[in-house]
Protein chains: 2
Amino acid sequence: LPETRNKFKVWMYKIWEFAKEDINRVTFSLKVGLAVLLVSLLILFQAPYQVFSTSIIWSILTVAIMFEYTVGATFHKGFNRVLGSLFAGVLAIAIAELALMSGPVAEPIIIGISIFIIGSVTSFMKLWPTFVPYEYGFRVILFTYCLIIVSGYRSGNPIRTSIERLYSIAIGAIIAIAVNTLIFPIWAGEQLHKELVKSFNSVADSLEECVNKYLSNDGSDHSEFTNTLMDEFPDEPQYKKCRSTLNSSAKLESLALSAKWEPPHGRFRHLFYPWSEYVKVGAVLRYCAYEVMALHGVLHSEIQAPYNLRSIFETEISEATNKAADLIRCLGKDICDMKQTIKSTLVRSVRSSSERLQRAIETHAYLLASSYQLSDHNSSIPLPINGFSKSNQLAEFKRENEEEGEMNSQRILSVSWESTAALSLATFTSLLIEFVARLDHLVEAVHHLSQMAKFQHENLNIFLL
Amino acid sequence: LPETRNKFKVWMYKIWEFAKEDINRVTFSLKVGLAVLLVSLLILFQAPYQVFSTSIIWSILTVAIMFEYTVGATFHKGFNRVLGSLFAGVLAIAIAELALMSGPVAEPIIIGISIFIIGSVTSFMKLWPTFVPYEYGFRVILFTYCLIIVSGYRSGNPIRTSIERLYSIAIGAIIAIAVNTLIFPIWAGEQLHKELVKSFNSVADSLEECVNKYLSNDGSDHSEFTNTLMDEFPDEPQYKKCRSTLNSSAKLESLALSAKWEPPHGRFRHLFYPWSEYVKVGAVLRYCAYEVMALHGVLHSEIQAPYNLRSIFETEISEATNKAADLIRCLGKDICDMKQTIKSTLVRSVRSSSERLQRAIETHAYLLASSYQLSDHNSSIPLPINGFSKSNQLAEFKRENEEEGEMNSQRILSVSWESTAALSLATFTSLLIEFVARLDHLVEAVHHLSQMAKFQHENLNIFLL
């Protein structure tokens, strides 16, 4: 018994944490409860029930189906439902009148054929790429049409049936929208805004995490990788976030779609707020995140540059990384605060740190090809580090693991060459430099967004000083 | 008028093409039409209508809402609907009886409070990550509960109301499932199978396209990139496909979720077919595709290795690429044909071509750092190519474009260093080698899938020869 109680406690605690993590979840749940209660009152009380009669149950259905998490999504679904119902209602009345006129024998045949056609056509149309977001609307057309025409056929009064249904749907829609919009509204725009800012931070965090690990990694946990599941690194929490940024395109797009339906609200005060620009900035950020994934790939690749070689470039690499991460965070913060700040100082410092890294590579380029020099050419270039033969060690490690076999599952353990091992560092730095180059596009995209969305100018007085 | 007719023709042609592209789209549409027609016949004919009376309209709603594209999705939605309705029905009867017993004053209060609680609790539960796939089920619970308890309150007989509703839902569900399963069924498993095979081919195609372009690229269309929209390369159709592979995780997951509901069918004959393994193979393939994205990044990066330098490694690079692409296609074909073939020859040839590429880099490593040697050390290493100064040209091109400015939108055009330009080739080859290394994991994942799914062994007689 105490065990069950303990389990129950753990469970309650989890639920409590889940609710605390995002208080909107609780708000949303209570709002749904309120909306269905309000619509049920129309039946529970005698007076409204006498006015609306049984067709009011359609309002309940409408509330339960229309009520979505965000205001925009509710509007979007309501639009689908109302327009779909209207269209289906008008069509149903027209066909029903036509069927009525054609006599009692032809009537059910005409109705049956029309149902088949409407079912086929709406189902085909909702597969069309442009109409995919309105999938629900086509579903509404289909069942509203069937319901009206079929119950109209039985009651013999299709117009009354369809009008009753339409106003009860309208009542449900009004209650759903009123509760959703007026009581603690959850705006899709706000969510989109936060989601984008979060993506900026996770790319910056993930970049720093990856580079820090690369610089501190002494190759000891290298073999571990091949045993763990692909793409799962328990000690790299930020990597997971960055990867989820890569998969966030669908989420951003659906939030932007919902946000377009929302009236100006909160901080987003002007009409036609450029929500689609958020999606574009998200795409450019994703484009930068691909480089982080590639950096991460080098961090976990089979062929590794010796640690001593990495440490030569440590200062430059970590400087460029920190500057780049700062710039990304600064861009994220600007979006978060809806401000336009002058980022030229930061941009210039990112640029110069990237140049410094390139110069360092330039100066020490011979190191990256030095093992060749040592073994074949005996050139006189001095080696400033003593542990440089570590790459040979790594190569031996590789050769040890290499086996000949027939099975498919066998690994292709490539022979590690000294130069290739050293060049892996070149790869890492090139990717980092490419990442910095891509930040241009990000700066540009954010600048474009901030102009379209009329973010406030800040630090303008710096020009005057 | 002839213009309108022309437009109409173009439009009809597009629809025709869309239907021809995947004939299942037409099948699906006609099946929906048939299902709603069948359920409507229950009302249109006098005999069944007298048995079922008006509550039969719930069958129409059920068919329209339950009918999904694939068999698995229909089962999944039907399960949600039926279980949700059952649960809501039982709960509603219990609460309604309780309310009835508590007298006419307390009855509407108890009903109202119960509606509020059910609304809040189901809405909160459907946000819980584990329950997200069953979102629709919670919605069904909510509106079925409200409908039954409210109309039960008015009719004074909640048990009869709920039983009527349940059997009409059951009729709708049976019709939807029968039509979906028995007439030209569209299996989610089959779709998932095809989708995965398609991803294999698009990664292979995209790799070849990218490498071919890298080897044939003379830098002339380089500046074009900076003007076009990020991530949009009209002349690289395969790149787009590969990128869509990266975003396909949600699609694969939802197909696998649906496929789990399907009975054994067609080629997938044994029970508990490992559909979730498909998702895992998809994840490993995506992991390989990240490297293709990185290769693509080098192809379009600002700092480029001179063309002449690339041509030195052309044979090795294209050999490794073709071998790797062959292996991927072969893995894809094995999945497609559901066979286990011995891939050791192919794996070995991929391995050896990757080694040859590494050896080539090893041998010519001095070239990758040679501009440094030339300018500062005057080393005696011979330069076998005459146009090697092209990298200087590129660097000048960069310096020309470089400007000092204050605006945020301004590009950070980094100074291109000769070594860095040459090292960009090292980056490209390293990424290619890393890609090949990752194929291990892919071979392993496919092997695991083929064992779990009991693919047929082939070429076993090779062992005997």
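Just so we're clear, the structure is a prediction, and the values are computed from it rather than from any experiment.

Rules used throughout
- Residues numbered from 1 in each chain as written.
- Chains lettered and ligands numbered in written order.
- Predicted model: local features only at pLDDT ≥ 70, side-chain atom pairs only at ≥ 80, totals over all residues.
- Heavy atoms only, no water.
- Helix = DSSP H or I, 4+ residues; strand = E, 2+ residues; numbered from the N terminus.
- Buried < 20%, exposed > 50% of the residue type's maximum accessible area, 1.4 Å probe, protein only.
- Contact = heavy atoms within 4.5 Å.
- Axes fitted to C-alpha atoms, helices over the stretch in contact; angles between N-to-C directions.
- Parallel < 35°, antiparallel > 145°, perpendicular 65-115°, else oblique.
- Nonpolar A, V, L, I, M, F, W, Y, C, P; charged D, E, K, R; others polar.
- Core = buried A, V, L, I, M, F, W, Y, C linked by side-chain atoms within 4.5 Å.
- Phe/Tyr/Trp six-rings, centres within 6.5 Å; stacked < 30°, edge-to-face > 60°.
- Lys NZ or Arg CZ within 6 Å of the ring centre and 35° of its normal.
- Salt bridge = Lys/Arg side-chain N within 4 Å of Asp/Glu carboxyl O.
- Expected span 1.5 Å × (residues − 1).
- Disulfide = S-S within 2.5 Å.
- Patch = residues over 30% accessible without salt bridge, like charges linked within 9 Å, V, L, I, M, F, W, Y side chains within 5 Å.
- Areas by Shrake-Rupley, 256 points an atom, 1.4 Å probe, with all protein chains shown as cover.
- pLDDT = per-residue confidence, 0-100.
- Left-handed = near helix turned anticlockwise from the far one by under 90°.

Caption draft 1: The overall build of chain A, seen in detail. Regarding its fold elements, chain A presents 21 helices and two strands. Counting all 465 residues of chain A, 57% fall into the buried class. A separation threshold of at least 6 residues defines the contact pool for chain A, and within that pool the share at least 24 residues apart is 80%.

Caption draft 2: The arrangement of the packing of helix α9 (residues 188-216) of chain B against helix α15 (residues 314-337) of chain B in detail. Residue and element names in this part refer to chain B. For the pair α9 and α15, the least separation of the axes is 9 Å and the interaxial angle reads 170°. Here α9 is positioned roughly antiparallel relative to α15, judged by the angle of their axes. Looking at the contact of α9 with α15 residue by residue, the classes come out as 15 nonpolar, six polar and four charged.

Caption draft 3: View of the nonpolar core. By size, the foremost hydrophobic cluster in this structure holds 148 residues, and its most contacted members are F200 and Y278 of chain A together with F200 and Y278 of chain B. For Y278 of chain A, the residues in contact, after removing those within four places along its chain, are L192, H193, L196, F268, Y273, I335, L449 and F455 of chain A. Core analysis: the next-biggest nonpolar cluster, separate from the first, contains 92 residues, A96 of chain A together with I60, I115 and I175 of chain B among them.

Caption draft 4: Structural context of the packing of aromatic side chains. In the structure shown here, the tally under the stated rule is 25 aromatic pairs over all chains. Residues Y273 of chain B and W275 of chain B carry aromatic rings whose centres are separated by 4.4 Å and whose planes lie at 50° to one another, so their mutual orientation is tilted. Given a relative accessible area of 4%, W275 of chain B falls into the buried group. One aromatic cluster in this structure is built from F268, Y273, W275 and Y278 of chain A. Of note, R310 of chain A hangs over the ring of Y214 of chain A, and the distance from its end group to the ring centre comes to 4.3 Å. The ring centre of Y136 of chain B lies 4.9 Å from the NZ or CZ of K77 of chain B, which sits over that ring.

Caption draft 5: Layout of the pattern of salt bridges. As enumerated under the stated definition, the model contains 37 salt bridges over all chains in all. Among the ionic pairs, K20 of chain A bridges to E17 of chain A, the shortest N-O distance being 3.8 Å. One end of the pair, K20 of chain A, and the other, E17 of chain A, are both in helix α1 (residues 2-21), three residues apart, so they sit about a helical turn from each other. Where E68 of chain A meets R139 of chain B, a salt bridge forms, and the shortest distance between an N and an O atom there is 3.0 Å. Separated into two different chains, E68 of chain A in the loop between α4 (57-66) and α5 (71-101) and R139 of chain B in helix α7 (residues 135-155) make up a pair that spans both. Each member of the pair E68 of chain A and R139 of chain B is classed as buried. Taken together, the shared-partner salt bridges in this structure form one network comprising E68 and K77 of chain A together with K126, E135 and R139 of chain B.

Caption draft 6: Structural context of α1 of chain A. Relative to the 28 Å expected for 20 residues at 1.5 Å per residue, α1 of chain A spans 28 Å between its end C-alpha atoms, a close match to the ideal helical length. For α1 of chain A, the buried fraction is low: two of the 20 residues fall into the buried class.

Caption draft 7: Fine view of unusual backbone geometry. All names here are of chain A. A positive phi angle, near 40°, is found at F184, a position not held by glycine. If you trace the backbone, F184 turns up in the loop between α8 (158-182) and α9 (188-216). Its identity as a non-glycine residue notwithstanding, K454 has a phi of 55°, on the positive side.

Caption draft 8: Broad picture of the environment of L147 of chain A. Mapped onto the fold, L147 of chain A is located in helix α7 (residues 135-155). Separated by 55 residues in the primary sequence, L147 of chain A and A92 of chain A have C-alpha atoms spaced 9.2 Å apart. If we ignore the near neighbours within four places in the chain, the residues touching L147 of chain A are W58, G152 and R165 of chain A together with I57, I60 and L61 of chain B.

Caption draft 9: A look at the state of the cysteines. In total, this model carries zero disulfides over all chains according to the counting rule given. Looking at the unpaired C330 of chain A, the closest cysteine sulfur is the one in C336 of chain A, lying at 12 Å. A disulfide-free cysteine, C288 of chain B has its sulfur positioned 10 Å from the sulfur of C242 of chain B, the nearest such atom. With relative accessibility at 1%, the residue C288 of chain B sits in the buried group.

Caption draft 10: Local environment of the side chain of S29 of chain B. Relative to the assigned elements, S29 of chain B resides in helix α2 (residues 24-44). Every residue in contact with S29 of chain B, bar those within four places of it in the chain, is listed here: G119, S120, S123 and F124 of chain A.

Caption draft 11: A look at a nonpolar patch on the surface. Taken together, the side chains of V105, I109, I113, I117, V121, M125 and F131 of chain B define a hydrophobic patch exposed on the protein surface, amounting to about 610 Å² of accessible area. Mapped onto the fold, F131 of chain B is located in the loop between α6 (103-125) and α7.

Caption draft 12: Structural context of the environment of W275 of chain A. Residue and element names in this part refer to chain A. Here W275 is to be found in helix α13 (residues 275-299). Placed 19 residues apart in sequence, W275 and A256 show a C-alpha to C-alpha distance of 5.5 Å. Once you skip the residues sitting within four places of it in the chain, W275 turns out to touch G189, L192, A256, A259, K260, H265 and F268.

Caption draft 13: Region of the structure containing the confidence of the model for chain A. Residues and elements named next belong to chain A. Mean pLDDT for chain A: 79, with 83% of residues reaching 70 or above. Of all the helices and strands in chain A, helix α19 (residues 390-401) carries the lowest mean pLDDT, 37, while helix α15 (residues 314-337) carries the highest, 91. This model gives residues 221-229 a pLDDT under 50, and the stretch forms 13 contacts once residues within four places in sequence are excluded. Counting contacts from residues 371-416, a segment whose pLDDT is below 50, to residues more than four positions away or on other chains yields 94 contacts.

Caption draft 14: Quick peek at α15 of chain B. Residues and elements named next belong to chain B. Under the 1.5 Å per step criterion, the end-to-end length of α15 is 34 Å for 24 residues, consistent within 8% with the ideal 34 Å. Among all positions in α15, only I317, A320, T321, A324, A325, L327, I328, L331, G332, D334 and I335 are buried. Immediately beyond the C-terminal end of α15, within one or two residues, lies M338, with a positive phi of roughly 55°.

Caption draft 15: Looking closely at the packing of α2 of chain B against helix α8 (residues 158-182) of chain B. All names here are of chain B. At a minimum axis separation of 10 Å, α2 and α8 run at an interaxial angle of 145°. The crossing of α2 and α8 is right-handed. Taken together, the residues of α8 that come into contact with α2 (itself represented by K31, L34, A35, L38, V39 and L42) are I171, I175, V179 and N180. Each residue belonging to the contact of α2 with α8 can be placed in one class, and the counts come to eight nonpolar, one polar and one charged.

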